[in-house]
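Structure assessment
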Amino acid sequence: MKFWKMNGAGNDFIILNNLEEGLPPEAFPRIAKTLCTPHRSLGADGFMVVDQAQGEGDFRMLFFNSDGSVGEMCGNGARCICRYGYETGLSGPIQKVETTAGLVIGERIDRRRYRVRLNDPTVIDLDRTAMIGGEEIPCGYVELGNPGLPHAVVHWPGLANADNDLLFKLGRALRDFEGFPKGANVNFYDMLGQDHVLEKTYERGVEDFTLACGTGTGSVVTVLTKRGLVSGKQVQVDMPGGTLTVDVEQENDTITGLFLTGPTNLVAKGEIFDEEL
């Protein structure tokens, strides 16, 4: 099988073009879990399949987490696959990508930077409380698209110097909190300045912190914009893998557009010979 490996701000993915490979869909979860395993295979946070569009898109993106589970969408993955679509001739400078959560529109800014319109928020709850170990953890909750991609948003003062073991345990507990019906990605954040945020995300399906999370970044800025803590314009979000920028469009207090801009990095192209498959 031919593949590309890319990352967006350190969030890394293996891309396979099923328009060429013609693999049965039931094989994808096993392929994802095998290929995404570090040390034993290529290793990645996620596995993305390019397939035939079913509607108005240029092509369809199927996303799988590293544990083989299906993901509704992935913001950094979408930016990477938009570049893949442009550089392989599947789309032009504007990319229309069908995802499980709905149509995503991408735009090529330059050779490495892409901007995508994330799925609109379908659920925004600014004041949820999670009970973890008898302690109340206030958080926001956002779902992007339909079916919605779930994100918890948790303010953590002093995040830059936080105890990583403590955050990991809390992230894992919040990920499975019963108040989040589909489980949730958990985004810890702290304010660094005006329209400047620090974020660290525990990702559902990876079951660990990743270097960046695009939909998590969009969800954090959604909550902060609705709370009046950021302007929603050119909000910079620093993550361990790099900086992403989010713009929020609103009309009559309703979010009508959520845009994510950031870098892509093409790491490798080649063929997979993994004998475990």
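See the structure printed just above.
The following refers to the structure shown. Here the residue numbers are simple positions, counted from 1 along each chain's written sequence. Thresholds applied to this predicted model are a pLDDT of at least 70 for local features of residues and 80 or more for the giving and counting of side-chain atom pairs; totals over whole chains, interfaces and linings are not thresholded and use all residues. Think of the side-chain values as coming from all heavy atoms in the structure, minus any hydrogens and water.

**Details of the pairing of strand β6 (residues 94-99)**
Should DSSP find at least two bridges between two strands, the strands are regarded as paired. Numbering of helices and strands starts at the N terminus; helices are DSSP runs of H or I of at least 4 residues and strands are runs of E of at least 2. In this sheet, β6 lies alongside strand β4 (residues 59-65) in parallel orientation, the contact comprising two bridges. Within β6, the residue paired with Arg-60 across the bridge is Glu-98. Linkage of β6 to strand β7 (residues 102-108), two consecutive antiparallel strands, is achieved through a turn of two residues.

**Details of the pairing of strand β9 (residues 121-132)**
Strand direction decides the pairing type here: β9 and strand β10 (residues 135-144), joined by nine bridges, are antiparallel. When the sheet's bridge partners are listed, Met-131 is paired in β10 with Glu-136.

**Considerations on the packing of aromatic side chains**
Centre distance and the angle of the planes are the two values used to describe a pair of aromatic rings. Any two of the Phe, Tyr and Trp rings considered here, Trp counted by its six-membered ring, make a pair once their centres fall within 6.5 Å; the pair's planes then place it as stacked at under 30 degrees, edge-to-face at over 60, or tilted in between. For the coordinates displayed, the defined rule picks out ten aromatic pairs. For the pair Phe-13 and Phe-63, a centre-to-centre distance of 6.1 Å together with 70° between the ring planes defines the contact as edge-to-face. On the criterion of sequence distance, the pair formed by Phe-13 in strand β2 (residues 11-17) and Phe-63 in strand β4 is long-range, its members being 50 residues apart. Residue Phe-13 shares its accessibility class with Phe-63, and that shared class is buried. Ring plane angle 75° and centroid distance 5.8 Å describe the contact between Trp-156 and Phe-188, whose orientation is recorded as edge-to-face. Residue Trp-156 is found in the loop between β11 (149-155) and α4 (164-175), and its partner Phe-188 is found in strand β12 (residues 185-193); the two are separated by 32 residues along the sequence. Throughout this description, buried means an accessible area under 20% of the type-specific maximum (1.4 Å probe, protein chains only), exposed means over 50%, and partly exposed covers the range between. We classify Trp-156 as partly exposed; its relative accessible area is 22%. Of the residues examined, Phe-188 reaches a relative accessible area of 0% and is grouped as buried. Feature note: the residues Trp-156, Phe-168, Phe-188, Tyr-202 and Phe-209 constitute an aromatic cluster, connected by ring pairs. The ring of Phe-209 has Lys-200 sitting right over it, with the charged end atom 4.8 Å from the ring centre. Any Lys NZ or Arg CZ that is within 6 Å of a ring centre and within 35 degrees of that ring's normal is treated as a charge sitting over the ring.

**A short note on helix α2 (residues 28-35)**
Restricting attention to buried positions, one finds in α2 the residues Phe-28, Ile-31, Ala-32, Thr-34 and Leu-35. We call two residues contacting when some pair of their heavy atoms lies within 4.5 Å. Those residues of α2 that are buried are in contact with β2, α1 (18-21), β3 (46-51) and β4.

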